[in-house]
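# Tertiary structure, described
The lines below spell out each chain.
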Amino acid sequence: MTAEFAIVLPAVIVVLGVCLAAVQLAGHQVRVVDAAAIAARSLGRGETTAVAAATVSRLIPGASLSRRSQGGLECATVSTAVPGGIVLRATSCALGGGK
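In short, a report on the structure. These numbers were taken from a predicted model, which means no experiment stands behind them.

### A few points about the side chain of Thr77
For Thr77, the position within the fold is in strand β2 (residues 73–82). In terms of polar contacts, Thr77 uses its side chain to reach the side chain of Thr91, at 2.9 Å. When neighbours within four sequence positions are excluded, Thr77 is seen to be in contact with Ser64, Leu65, Ser66, Arg89, Ala90 and Thr91.

Now the structure itself:
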């Protein structure tokens, strides 16, 4: 093994680790966005906040849901913390009043 290889190898391992973590974080964010969309549609159908929160908790354990109504829209914001102290958050809105 050459000295150059011995110096570069740890840097390559760190870069690969960071890339893997970023892909994992992006995948988790997609799940949060999906959960927010499902919750917003649920609220738009007239279901209670408790029902939508239960759905979110089933999809993402430990996530929280907040609801906001504005101008005929039902908006749901889903938040969850991931290891490393990062908080992921997504908001989605659906037309209210549907059954």
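### Remarks on the state of the cysteines
Chemically, a disulfide is nothing more than a covalent bond linking the sulfur atoms of two cysteines. In total, this model carries one disulfide according to the counting rule given. Between the sulfur atoms of Cys75 and its disulfide mate Cys93 the distance is 2.0 Å. Here the S-S torsion is close to 105°, and the disulfide linking Cys75 with Cys93 is therefore right-handed. Here Cys93 lies in strand β3 (residues 86–95) and Cys75 lies in strand β2, a separation of 18 residues in the sequence. With a relative accessible area of 1%, Cys75 lands in the buried category. Among the residues examined, Cys93 registers a relative accessible area of 37% and is labelled partly exposed.

Thresholds, definitions, all that
- Residues numbered from 1 in each chain as written.
- Predicted model: local features only at pLDDT ≥ 70, side-chain atom pairs only at ≥ 80, totals over all residues.
- Heavy atoms only, no water.
- Helix = DSSP H or I, 4+ residues; strand = E, 2+ residues; numbered from the N terminus.
- Polar contact = N/O pair within 3.5 Å; in protein donor to acceptor, adjacent residues only side chain to side chain.
- Contact = heavy atoms within 4.5 Å.
- Disulfide = S-S within 2.5 Å.
- Buried < 20%, exposed > 50% of the residue type's maximum accessible area, 1.4 Å probe, protein only.

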